[in-house]
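Here's the letter readout for the chains.
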Amino acid sequence: MSTSAVPVSLAEIARIAGVGRAAVSNWRRRHDTFPSRIGGTDVSPLFSLSEIEEWLREKGKLSDAGAREFLWPRFEALGSRDESGLAIAEAARRMRSPRARTGSAGLSDEARSLVGDAARLGRGEGPRSTFEFLLQRWLDTHVRQLSTTPPPLAAMMARLALDSMLPAGDEGLTFFDPACGTGHLLAAAAEEYEGPAPALFGCERDPALAALAAARLEFVGEDRQILARVETVDALRADPVPGLRADIALCNPPFNERDWGYEDLATDQRWTHGLPPRTEPELAWVQHLLAHLRPGGTAVVVLPPAVASRKAGRRIRGSLLRTGTLRAVVALPPGCAQPHSVSLQLWILRAAPDGAVPAQDALLVDATRAARPMTREQGPDWAALTEFVGSAVSLLDSPQDALPDGAVRVSLLDLLDDEVDVTPGRYAGPGPESSRADLTSSWAEVANSLDELGRLAGRLSKVGLSGGETRTTATVGDLAKAGALTLRAGQQPGDAMESGPRLPLLTVADLLMDGEPGGQVARDAAHTVVQEGDVVVAGVVRAFRAWVHQGDPVALGPQLYALRVAPDKLDAHFLAGCLRAPMNGRQAGTHASSSSRVDVRRLLVLQLPLDEQAVYAETFRRLTTFESLLSRTTEIAGGLTGEVRDRLAAGGLTGH
């Protein structure tokens, strides 16, 4: 494919030129010679890569990173996820071995030509950095189709495994990942391990992922003579190395797969703790890992929280505990890995040495509150999380030492009940108890809030409300046509790599979680930004609401709308109060389901003179204040009563 046929967006042009997207928009407006768009829309136009390259060179606006940036759109233009991934892996091989011929399997003529260009560029600008650049772009482009282990989590897992492993010989360790994806965990293991050259062995059933993993591990091992091998195979169904005994196994296996080979593997020798039920594929992966550990070896695996408590898996969990194999379970904060809304768990398992007495307890660590989440792009505070989990797991074999708050040793007698539930939150305490002064302060805050709620309720109860009278209304669309307001829709955020000043980004997902912006975008004229005094409307039924924005500017994501009023025609608080009425969301919904969209233009607004709007606006403000205060009071009171109830149940009453 010629570069003239390769389309590029404004964001990609900005990366090529090393500027912000707003600068490219300005070039487009100011320069008549700027190339015309060849596709896309007026809002998201696409341009010819070759025409853009020629224009940028003519104007002297190419950045030092431009060569790599020109390369990526050509990979993306291949269209196929698999072909572009295989092409990147083949380019990496050619970068390291210039005389190697390009393999033809799975690659088109365009892809083979691109491989040659990428290999030549990589040899000139640095093979490893060029490969890592292309790999990261590929992962970012296909993030919805792939589930990768974030580097901070991979590093933490490797460190936990190294610290939990029983001593081995003087030779380099063998690391194993039977579902290695693009090799994040094995690469992290090589980085964390400081001993003799290790052996890295991975399996991956997706050919593109396996090829990329192999390429990555070759770069990791070139400085230390690391032996790396990746097999393209479904390791559960066709174990390629049944005799392998690794020192450390790391894995982030596929979740919730029903077709994992239950019928074909019913008599497999790996199920020493019991045949995994059809609905428990994760426990099949756990036993697969254990089958490949040497005595004293350690496995660390990422699992969904339900594996710790589902009824179908209790027999296998019981066996893992009785044999001393399951040594620790760590509950992670949401946002550590996909799916980001779930509190995933790390299971730390150890293959007991022959003749060893099984441990009589397990370490349960609730790290869900150990690191306050930051933005959804960054996840939790990784430094704080790693330190907390590491400090707890380092005491795994030191029963005499005190554990940090949030970690507890639980005896097998307590764990081996009818449920065999190893969820850390069930046993690990919520943290240090509040002091008497803290409890007194919390009770005082609740009392003050209740007093304020009483005063607001008294005022609101006196509001006269008529019934049955029909008043004239207008839709938001009608008000926009009349010039009483302007309506702007939020947009899908651009590439996270965009440079320049940043703005907080608010999305519908943020509203459903905690209401606070969870990401950032470049401060760009293309984004819909709300200023103080603008009205924001969430245009989905399940999160439907409207409010007047207060504070610093914020960019809006999809299905959020900004309404800016004409002050001589509309009061912003009056408008928000009318729009927030539940009947508005019901009437303007496009479908019956809770996930359906709300047609913001159909929302109804009462038609009143500006002076009457002010009276309504004051009452709407009081309702909003009452609602917010009630929610906050309920949250504080719920936590307070729960803590007091726990203390009473533990015999903490000191007076009557």
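Everything below is about the structure printed above this text.
These numbers were taken from a predicted model, which means no experiment stands behind them.

What counts and how
Residues numbered from 1 in each chain as written. Predicted model: local features only at pLDDT ≥ 70, side-chain atom pairs only at ≥ 80, totals over all residues. Heavy atoms only, no water. Helix = DSSP H or I, 4+ residues; strand = E, 2+ residues; numbered from the N terminus. Buried < 20%, exposed > 50% of the residue type's maximum accessible area, 1.4 Å probe, protein only. Contact = heavy atoms within 4.5 Å. Areas by Shrake-Rupley, 256 points an atom, 1.4 Å probe, with all protein chains shown as cover. Lys, Arg positive; Asp, Glu negative; His and termini not counted. Charge placed at Lys NZ, Arg CZ, Asp CG, Glu CD. Salt bridge = Lys/Arg side-chain N within 4 Å of Asp/Glu carboxyl O. Phe/Tyr/Trp six-rings, centres within 6.5 Å; stacked < 30°, edge-to-face > 60°. Core = buried A, V, L, I, M, F, W, Y, C linked by side-chain atoms within 4.5 Å. Pairing = 2+ DSSP bridges. Right-handed = clockwise from strand over helix to strand, strands pointing away. Polar contact = N/O pair within 3.5 Å; in protein donor to acceptor, adjacent residues only side chain to side chain. Axes fitted to C-alpha atoms, helices over the stretch in contact; angles between N-to-C directions. Parallel < 35°, antiparallel > 145°, perpendicular 65-115°, else oblique. Nonpolar A, V, L, I, M, F, W, Y, C, P; charged D, E, K, R; others polar. Disulfide = S-S within 2.5 Å.

Visitor: Teacher, can you tell me more about the overall build of the chain here?
Guide: In terms of regular secondary structure, the chain is built from 21 helices and 22 strands. The C-alpha extent of the chain, read off along each of the three principal axes, is 85 × 85 × 45 Å. Counting over 656 residues, the chain shows a buried share of 46%. Here the contacts in the chain between residues at least 6 apart in sequence split such that 72% fall between residues at least 24 apart. With the model as given, the accessible surface of the chain reaches about 31400 Å², and the carbon-plus-sulfur share is 50%. One finds the centroid of the 70 positive side-chain charges in the chain at a distance of 4 Å from the centroid of its 82 negative side-chain charges.

Visitor: Looking at this structure, how should I read the pattern of salt bridges?
Guide: Pairing is possible between side chains of opposite charge, provided their charged atoms come close. Applying the stated criterion across every chain yields a total of 37 salt bridges. A salt bridge links R81 to D206; its shortest N-O distance comes to 2.3 Å. Of this pair, R81 sits in helix α5 (residues 81-96) while D206 sits in the loop between β5 (199-204) and α10 (207-221), and the two are 125 residues apart along the sequence. The residues R81 and D206 share a single accessibility class, namely buried. A salt bridge links R112 to D109; the nearest nitrogen and oxygen atoms lie 2.2 Å apart. Taken as a pair, R112 and D109 lie in helix α6 (residues 109-125) at a separation of three residues, close to a single helical turn. Judged by relative accessible area, which is 29%, R112 ranks as partly exposed. Connected through salt bridges with shared partners, the residues R205, D234, R237, E257, D259 and D264 form a single ionic network.

Visitor: I would appreciate a short explanation of the packing of aromatic side chains in the present structure.
Guide: Two measures describe an aromatic ring pair: the distance that separates the ring centres and the angle between the ring planes. Taken as a whole and assessed by the stated rule, the structure comprises 10 aromatic pairs. When the centroid spacing of 5.8 Å and the interplanar angle of 45 degrees are considered together, the rings of W27 and W55 count as tilted. Residue W27 is found in helix α2 (residues 21-30), and its partner W55 is found in helix α3 (residues 49-59); the two are separated by 28 residues along the sequence. As far as the burial class goes, W27 and W55 line up, both buried. A centroid spacing of 6.1 Å and a plane angle of 85 degrees characterise the contact between F574 and Y616, whose relative ring orientation is edge-to-face. Of this pair, F574 sits in helix α19 (residues 572-579) while Y616 sits in helix α21 (residues 610-649); the two residues are 42 residues apart in sequence, bridging distant segments of the chain. Residue F574 is classed as buried on the basis of its relative accessible area of 0%.

Visitor: Help me understand the nonpolar core in this model?
Guide: Buried together is how nonpolar side chains tend to be arranged in soluble globular proteins. Counting residues in each nonpolar core, the largest one holds 49 residues, and the members touching the most others are L153, M156, F175, L250, L346 and V389. Per element, the largest residue contribution to this core is eight residues, and it comes from helix α8 (residues 151-164). Apart from residues no more than four positions distant in its own chain, L346 is found in contact with L153, M156, M157, L160, V300, V301, V302, A328, V329, V330 and L332. F176, A249, A299 and L321 belong to the second-largest nonpolar core, a separate cluster that totals 42 residues.

Visitor: Please clarify how the pairing of strand β6 (residues 227-232) should be interpreted in this entry.
Guide: Across six bridges, the pairing between β5 and β6 is parallel. Bridge assignment links L200 to a residue of β6, and that residue is A228. In this view, the connection linking β5 to its parallel neighbour β6 by way of α10 has right-handed handedness.

Visitor: Explain the environment of R123 here, please?
Guide: Along the chain, R123 falls in helix α6. For the pair R123 and S97, spaced 26 residues apart in sequence, the C-alpha to C-alpha distance is 9.7 Å. Reaching out from R123, the side chain makes a polar contact with the backbone oxygen of R94 at a distance of 3.0 Å.

Visitor: Where do I start with the sheet that holds strand β15 (residues 502-506) in this structure?
Guide: Strand pairing in a sheet is mediated by backbone hydrogen bonds. Such pairs are either parallel or antiparallel. If you trace the four strands from one edge of the open sheet to the other, you get β16-β15-β20-β17, paired in mixed fashion. Two strands lie at the open edges of the sheet, namely β16 (519-522) and β17 (529-530), each paired on one side alone. Bridge count for β15 against strand β20 (residues 554-556) is two bridges, and the pairing is parallel. By the bridge assignment, L506 is partnered in β20 with L556.

Visitor: I would appreciate a short explanation of the sheet that holds strand β2 (residues 39-40) in the present structure.
Guide: Spatially, β1-β3-β2 is the arrangement adopted by the three strands of the open sheet, whose pairing is antiparallel. Each of the sheet's edge strands pairs with one partner strand only, and the pair in question is β1 (7-9) and β2. Of the strand pairs in this sheet, β2 and strand β3 (residues 45-48) are connected by two bridges, and their pairing is antiparallel. Counted as the bridge partner of G40 is P45 from β3. Set on the sheet, helix α1 (residues 10-17) makes contact with β1 and β3; between it and β1 the angle comes to about 85 degrees.

Visitor: Even after reading the chapter, I still don't get the packing of helix α9 (residues 184-192) against α10, so can you show me in this structure?
Guide: Direction vectors running N to C along α9 and α10 enclose 5 degrees, while the axes themselves pass 10 Å from each other. By the criterion of interaxial angle, the relationship of α9 to α10 is roughly parallel. Contacts from H184, L186, A187 and A190 of α9 reach α10 at R216, L217 and V220. Along the lines of polarity and charge, the residues of the contact of α9 with α10 split into five nonpolar, one polar and one charged.

Visitor: Explanation requested: the state of the cysteines in the structure shown.
Guide: Throughout this description, disulfide means a covalent bond between two cysteine sulfur atoms. Within the structure shown, the criterion is met by zero disulfides. Sulfur of C203: no disulfide; nearest cysteine sulfur belongs to C180 and is 7.1 Å away. Overall, the relative accessible area of 0% leaves C203 in the buried class.

Visitor: How should I be thinking about unusual backbone geometry in this particular structure?
Guide: Note: most residues except glycine have negative phi, and most peptide bonds are trans. Here the bond from Q338 into P339 is cis, since omega is -10 degrees, no more than 30 degrees from zero. Tracing the backbone shows P339 in the loop between β9 (326-331) and β10 (345-350). In this structure, N256 takes a positive phi of about 60 degrees despite not being glycine. Among the structural elements, N256 can be located in the loop between β7 (246-251) and α11 (281-291).

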